[in-house]
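# Analysis of the macromolecular model
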Amino acid sequence: MDNFEVLQKAITETKYLSQENSYRYRPIMRFFYHKYEQAENWLYKEDIFEELKDKITNYTLDDLERDLAFLVDNLSLTTVQDVKNASSIEEFNLKRLRYQMTDYAIVIERMTIELEELEVKVASLSPKRFEVLKSYLFQLKNMDTMTPEELTDLWERISNEFQNINLNYQDFLKKFQESKTEELLQSAVFLEYKNKMVQYLKEFIQGYLNQADMIKAFLKQLPDDFSVHFIAKLEQYQKDTPKIYPDFNYEKFNQVNLGRWKSIYKWFINPNGKCEGDRLLDVTSSIISQITKCASSLIELHGNMVQRKEEYKHICKLFDRMSKVSEARKLSNAVFGVSSVSHYKGFSNCKTDSLILSYEVPPTMIEVLPNDKKIRQEKRHSIIVDKSLEKKEALLEYEKKEQEKREILEKFVSEKIVNLKGNVYLKKEERQYLLNLISRARIDKEAKEPMFGLKYKLIFGDTKEKCHIISEDGVFVLQNLQIVFEGES
């Protein structure tokens, strides 16, 4: 991660957005921003107060001075003392100040305006943007004949066009993942403009395919060292341009531009898998399928409701003709089923939450046996099979394994001391036995060995030295230690 130290620093310039007095700080900063757009960079406090005094209740000049001091302390505003227009020593001592927005504050205020307009922002998928991007990229063929200024201007247009494409398609696809869109797709209102939406997406796919092939072919024809010469020319233009601050970070400038170029290249060509453009086509195609499926389900549902409405009218007429309640009950049983029913609960075979056709859901099969003894299936009596021989063989096999395990573990007890240092090769049973001893001793210092009934203790070595227990099923790492057994087995 680049510039990790920078990421760990707080951005104090944003404090005015979330403070208790933000209802006063934000109008001040917005007024500064509007004046900045009108090329009025330096403002007096009297100008600000004249603008805000009628908009903020009980707002005084002292309140404004405190607010401006807060914004200056948090680097949102910068000040300069106006000594040129001071007509007396008293005015000079009063430090008549002028205020200006910092560079950070200008960017932050632009961001807040963009956030406010986010609700009315409309994302679009326009295939013409790819045509414009292609025309800009093809101009890079004449890079050697361009001046650094012309190349820099062309690069800015390429970057802005690519950024617009990326943001618009991401915003558009994000809209289809919102809950509001899901509800809209399942509503009857959606049927009115379903065809327009599908046609819009198909035109986008066709437009992208027409331009993407030519862009991919152009990018593949570029030499391997194209990006090196390209970035070098951009850097040369920056070096030839006079700068107020001499400590311009050319390394960071080259890194940012190289990252932008690689992003454009990978958007159309990705040697390690699918490029972003192909993913966009897949997602767009799936959206078309989703729209078509939802529309088909809504049409089917709407048609069924129309047919059922006529059926309900006919049933109501039949009930109206019934003169007795007993006859109405017989008709009810025939139409709606018997009053005493059995309910079965289970898991649905539907594997998605989306609206799908009913015939696409796999059926659930439930076996039901009749209650009538005459037609109930006869129970089949199973014959008792003698399995004593298999049980005996299983018992002998178990006793054999336990005996082998006991012989393996008995050697640890006979040696009295088990050293776990460096690389130790153990069988699976030996490793499990020793780890069990260590776990028991950590819980109870007077624990006894479970198989032979001996007391034991743990002696730990240096914490920096590690022991590697190597078995056929892996390697276990722990601190160096000794297990010392006390008494006789």
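Here, every reference points to the structure presented above.
Since the model is a prediction, treat every value here as computed from it, not as a measurement.

### Examining the sheet that holds strand 9 (residues 481–486)
Sheets are built from strands that pair by backbone hydrogen bonding, the pairs being arranged parallel or antiparallel. Pairing is antiparallel across the open sheet formed by 3 strands, whose spatial order is 4-9-6. Where the open sheet ends on each side, the last strands, each with one partner, are strand 4 (417–420) and strand 6 (455–460). Each strand of the sheet is rotated relative to its neighbour by a mean of 15°, with strand direction disregarded. In terms of strand pairing, strand 6 meets strand 9 through 6 bridges, oriented antiparallel. Paired with phenylalanine 460 across the bridge in strand 9 is leucine 481. Along the sheet, helix 16 (residues 428–443) makes contact with strand 4, strand 6 and strand 9, crossing strand 6 at roughly 90°.

### Here's the deal with a negative patch on the surface
A contiguous patch of negative charge on the surface is contributed by Glu397, Glu404, Glu407, Glu410, Glu429 and Glu472. For the negative patch, the leading source of residues is helix 15 (residues 388–415), giving 4 residues. Its location among the elements puts glutamate 404 in helix 15.

### As for helix 4 (residues 61–73)
The first and last C-alpha atoms of helix 4 sit 18 Å apart over 13 residues, in line with the 18 Å expected at 1.5 Å per residue. Among the residues of helix 4, those classed as buried are Asp63, Leu64, Asp67, Leu68, Phe70 and Leu71. Down the axis of helix 4, the smallest arc covering the buried residues is 155°, so these residues share one side. Opposite the buried face of helix 4, at more than 90 degrees from it, the exposed residues are Arg66 and Asp73. The elements touched by buried residues of helix 4 are helix 2 (22–37), helix 3 (45–52), strand 2 (77–81) and strand 3 (97–101). Directly after helix 4, the chain includes leucine 75, whose backbone phi takes a positive value near 65°.

### Notes on the packing of helix 3 against helix 4
Look at helix 3 against helix 4: their axes get within 10 Å of each other, and the N-to-C directions meet at 120°. Regarding helix 3 and helix 4, the two cross each other, and that crossing is right-handed. The segment helix 3 lies against helix 4, with Lys45, Ile48 and Phe49 engaging Leu61, Leu64, Glu65 and Leu68.

### Topic: the side chain of threonine 152
Within the secondary structure layout, threonine 152 lies in helix 8 (residues 148–175). Within the structure, threonine 152 has its side chain in polar contact with the backbone oxygen of proline 148 (distance 2.8 Å). Sequence-distant contacts of threonine 152, that is, excluding residues within four places in its chain, are made with Leu234 and Tyr237.

### Some thoughts on the side chain of threonine 112
Mapping threonine 112 onto the fold places it in helix 6 (residues 103–116). Once residues lying within four places of it in the same chain are set aside, the contact partners of threonine 112 are Leu17, Arg26 and Arg30.

### Observations regarding the sheet that holds strand 2
Reading across the sheet, the 3 strands line up as 1-3-2 and stay open at both edges, with antiparallel pairing between neighbours. Strands with a single pairing partner mark the edges of an open sheet, and in this sheet they are strand 1 (43–44) and strand 2. The pairing of strand 1 with strand 3 spans 2 bridges and is antiparallel. In the sheet register, tyrosine 44 faces strand 3, and the bridge partner there is arginine 98.

### Examining a positive patch on the surface
A cluster of basic residues, Lys309, Lys313, Lys317 and Arg321, forms a positive patch on the protein surface. Note on placement: lysine 317 falls in helix 13 (residues 276–321). Classification of lysine 317 as exposed rests on a relative accessible area of 53%.

What counts and what doesn't
All residue numbers here refer to positions counted from 1 along the written sequence of the relevant chain. Only residues with pLDDT of at least 70 are given local features in this predicted model, and only at 80 or more are side-chain atom pairs given and counted; all residues enter the totals for whole chains, interfaces and linings. Note that water and hydrogens are dropped before the side-chain values are worked out from all heavy atoms of the structure. Any two strands are treated as partners once DSSP identifies two or more bridges connecting them. Elements are defined by DSSP. Helices are runs of H or I of four residues or more, strands are runs of E of two residues or more, and each kind is numbered from the N terminus. Whenever a helix is involved, its axis is fitted only over the stretch in contact; in every case the axis is a line through C-alpha atoms, and angles between N-to-C directions fall within 0 to 180 degrees. Working rule for contacts: check all heavy atoms of both residues, and any pair within 4.5 Å makes them a contact. Patch membership requires more than 30% relative accessible area and the absence of a salt bridge. Residues of like charge join within 9 Å; the nonpolar side chains Val, Leu, Ile, Met, Phe, Trp and Tyr join within 5 Å. All accessible-area figures derive from a Shrake-Rupley calculation using a 1.4 Å probe, and residue coverage is judged against the displayed protein chains alone. Salt bridge criterion: a side-chain nitrogen from Lys or Arg within 4 Å of a carboxyl oxygen from Asp or Glu. For this count, His and the chain ends are skipped, Lys and Arg are scored as positive, and Asp and Glu as negative. For charged residues, the charge sits on one atom: NZ in Lys, CZ in Arg, CG in Asp, CD in Glu. Under the convention used throughout, the expected extent of a helix is 1.5 Å for every residue step, that is, one less than its residue count. For each residue, the accessible area found with a 1.4 Å probe, counting protein chains only, is set against the maximum for its type, and the residue is called buried under 20%, exposed over 50%, and partly exposed in between. This arc is taken over the directions from the axis of the helix to the C-beta atoms. What makes a crossing left-handed is the near helix being turned counterclockwise from the far one by less than a right angle; a clockwise turn instead makes it right-handed. Any pair of nitrogen or oxygen atoms within 3.5 Å is treated as a polar contact; in protein, a donor-acceptor pairing is required on top of that, and neighbouring residues in sequence qualify only through side-chain atoms on both sides.

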